[in-house]
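Structural characterization, general
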Amino acid sequence: MNVELSGWGRYPVAATDLVQPGSPDAVPAMVAGRTGAIARGNGRAYGDAAIGEETTVSLRGLDRMRAFDPATGWLTVEAGVTLAEIVEAFLPRGFFPAVVPGTQFVTVGGMIAADVHGKNHHRDGGFGDHVAALELLLPDGTRLACSREQNAELFHATIGGMGLTGYILAATIRMIPVETGWIRQRTLVAETVADTVRLLDAAQDATYSVAWIDGLARGAALGRSLVYLGEHATRAELGGAQVPTRFGPAAKAGPGVPFDLPALTLNRFSVAAFNEAYFRLGAAKAGSERLVGWRPYFFPLDGVADWNRIYGRNGFVQYQFVLPAARSADLLPDLLDRIARRGSASFLAVLKRLGRGGGLLSFPFEGHTLALDMKMEPGLLAFLADCDRLVAAAGGRLYLAKDARQTRATFEAGYPGLDRFRDIRRRYGLEGRLASRLSRRIGL
Amino acid sequence: MTEMKTVLVVGGTSDVGRAVARAYAAAGWSVQLAGRDAAGLEREAADIATRTGVAVSVHAIDILDTGAFAAFADGLPVLPDTVVSVVGLLGEQVRAETDAAHATTVMRSNFEGPALLLGLFAERFLARGHGTIVGVSSVAGERGRASNYVYGAAKAGFTAFLSGLRNRVSKRGLHVVTVKPGFIRTRMTAGMKLPARLTADPQAVGTAIFRAAETQRRDVIYVKPVWALVMAIIRALPETIFKRTKL
Ligand SMILES: Cc1cc2nc3c(=O)[nH]c(=O)nc-3n(C[C@H](O)[C@H](O)[C@H](O)COP(=O)(O)OP(=O)(O)OC[C@H]3O[C@@H](n4cnc5c(N)ncnc54)[C@H](O)[C@@H]3O)c2cc1C
Ligand SMILES: NC(=O)c1ccc[n+]([C@@H]2O[C@H](COP(=O)([O-])OP(=O)(O)OC[C@H]3O[C@@H](n4cnc5c(N)ncnc54)[C@H](OP(=O)(O)O)[C@@H]3O)[C@@H](O)[C@H]2O)c1
């Protein structure tokens, strides 16, 4: 079937052949003989990572769970199972995934391929660090069991490998025991960038930490933020509080964004107003501790269906980079100032502390990562290219799962594991057969 | 919860069968999944057991092998409280017009097999004194149409069978539910253009069946209520007009 596909940012849009196998056993025949093919999960990568150069193989139909061992927390599922389904099935039984990204509408395959990070990366590593084993299908039909012991090289390349090492059919992932579905959240106020970085660095023992930066504040207030620290609340901690249920209130679907708002809706004033309100609201509660349900805590945007449409028909890009820990304090002000001056930043300016990376092409390394959405409009690409130069010069890199536009040079400068990755692709005969729009663009 | 109840889902590898089994499992029922595709059944059974923590067993049955039904029922670990038959075969209407073997398979898969199997469970449920029987038939059985009358005729037979069975056993502790789903987004209809307002998701069918059979004790359901209206109109059309329509 020929379709037009895009990522979550709705930029770029590209034509591709789409195939949709319904089970792991159906995949080999459907991918046999194809070139320029790539796996797709739930399409939540922002750019062009999950669009095949010629063929896109949707693995969303591989959505059966296989086994769970409550004694160890290991859960085996097919790769198209979503995080939402996992949380729905296991939170009521007292288990939560060891690592979650900012939306639950992602598949296990997508989380492994991007080696996604949560708010606990500084402490617990990436999603890939909690994968015990995976079943990988090579384009020639070979099915391999991969783990740290077996086919270890492919295993490490597949974690963070953006689908370029094969089709993940199933995986065994770690669930951690939790006593409740609530998070004990502490909010700290940071008045400058340096403050923000310092508070995050000082909170390395916190399970979860994240800073929401006011992307439009300038001058003395540049980089002001709210730093949120979180811990899973215990049953006892829940005891005194006025909360309805142990595992959090039931799903509440918020109003969706049914159509593309005119591009002007997202001008400087609406975002500034949003940011100011957000900042005040948070600051009023700052310093105090409160219990927050798992949905608003981990997946705040999931309550608004199709929110990616608010950026209008041309879409948007999410700009996410990581800077080495030692360089953040002097580089972030410059980058934030450029962004603030440009004035088209989103309410989504998120700063996180990252720990060591897992896979060959995994995004995280010891440092700080900033992510924000920018509406696609004339001049944006040139603006971001300038930012790229600063990031690359400081030894930073851009996140492939968010990327829609970086150049091959920027990519090569940021990912030293690249040569080994290319070598593995060559040896397993994957070049040419597995290729996405992303991999073509950055010369992978 | 009182004692653990058991549902038998025949056609457990279909999208609708899977949804029915999940709806029952979510309510704490243990599940027996039956069908002809052993690997497919194992995949569904593991999925349901992993998601819900309930026990799921798998059982082989070919709905065309009617002689093996008694042994199939004997082989179940327990006689279920509820049996749901989801088995069906759309087949190809045009082929069935000239290929008698194909037409026979469609008729037997939609009528003879499911009816005889549910009839057999009815006798065992009567002997025990209680039980619920659910047959997934189709709106296609309400009036024969050019585009699928071989399938429709078989579903009409199945609907009539369930109606008669209900008439006979409902005074004796049994409950019989006829399900006439309109369009459902499944493997059977993959690739077809279906009107969104008339089309249900398998999950909706699963929950509707559980509710109709176990909580509301309904006799006949359409899943999407709008279908009751649509079919009332289609049934009311005089044959002189109906024969000229293209449906
Ligand atoms: C609102 C929002 C918040 C987010 N927050 C975070 C965050 O906090 N941290 C973070 O790290 N990321 C975050 N992301 C990004 C998201 O987690 C990743 O892009 C993830 O990879 C998306 O998973 P998916 O199933 O949608 O995969 P897709 O977007 O469909 O694919 C992503 C990549 O995975 C590959 N892939 C998918 N399935 C398979 C498979 N079965 N086998 C092999 N390769 C496969 C694809 O080829 C592609 O390269 C966020 C995204 C959104 C929309
Ligand atoms: N989809 C619709 O729009 C729609 C509308 C109205 C009614 N229905 C009815 O709803 C039910 C489920 O349909 P569906 O859409 O989920 O279709 P489906 O996927 O084709 O399901 C049919 C089921 O019947 C089983 N089956 C067929 N022949 C069999 C045999 N000889 N022995 C054992 N099992 C056999 C199939 O098993 P395998 O997996 O082994 O093939 C499958 O489980 C059917 O009765 C159908 O007629 C469907």
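The name given to chain B in an unreviewed UniProt entry is Short-chain dehydrogenase, and the organism recorded there is Prosthecodimorpha hirschii.

Quick look at the overall build of chain A
Scanning chain A from terminus to terminus reveals 14 helices and 18 strands. A buried classification covers 58% of the 444 residues belonging to chain A. The contacts in chain A between residues at least 6 apart in sequence include a share of 73% that link residues at least 24 apart. Entry remark: accessible area of chain A is about 16,800 Å², with carbon and sulfur atoms responsible for 54%.

Side note on the sheet that holds strand 9 (residues 220–221) of chain B
Residue and element names in this part refer to chain B. The parallel open sheet is built from seven strands, whose spatial order is 3-2-1-4-5-6-9. A single partner strand is all that each edge strand has here, and the edge strands are strand 3 (56–60) and strand 9. One ladder, built from four bridges, connects strand 1 (residues 6–10) with strand 4 (residues 82–85); its direction is parallel. Opposite V7, over in strand 4, you have T82 as the bridge partner. Packing against the sheet, helix 2 (residues 38–52) makes contact with strand 2 (30–35) and strand 3, and its axis sits at approximately 165° to strand 3. Its contacts with the sheet place helix 6 (residues 149–169) against strand 5 (131–136), strand 6 (174–179) and strand 9, and it is angled at close to 160° to strand 6.

So, the site of ligand 2
All names here are of chain B. Near ligand 2 you find 27 residues, and of these T13, R36, Y151, I184 and T186 are the closest. G11 places a main-chain nitrogen or oxygen 3.4 Å from an oxygen atom of ligand 2. Taking V87, its main chain carries an N or O atom lying 3.1 Å from an oxygen atom of ligand 2. About the coverage of ligand 2: the protein hides 93% of its 880 Å² of free accessible area. Of all the secondary-structure elements, those providing two or more residues to the shell around ligand 2 are helix 1 (15–26), helix 6 and strand 7 (183–184). Across the shell around ligand 2, the residue classes tally to 12 nonpolar, nine polar and six charged.

Calculation notes
Residues numbered from 1 in each chain as written. Chains lettered and ligands numbered in written order. Predicted model: local features only at pLDDT ≥ 70, side-chain atom pairs only at ≥ 80, totals over all residues. Heavy atoms only, no water. Helix = DSSP H or I, 4+ residues; strand = E, 2+ residues; numbered from the N terminus. Buried < 20%, exposed > 50% of the residue type's maximum accessible area, 1.4 Å probe, protein only. Contact = heavy atoms within 4.5 Å. Areas by Shrake-Rupley, 256 points an atom, 1.4 Å probe, with all protein chains shown as cover. Pairing = 2+ DSSP bridges. Axes fitted to C-alpha atoms, helices over the stretch in contact; angles between N-to-C directions. Near = heavy atom within 4 Å. Polar contact = N/O pair within 3.5 Å; in protein donor to acceptor, adjacent residues only side chain to side chain. Nonpolar A, V, L, I, M, F, W, Y, C, P; charged D, E, K, R; others polar.

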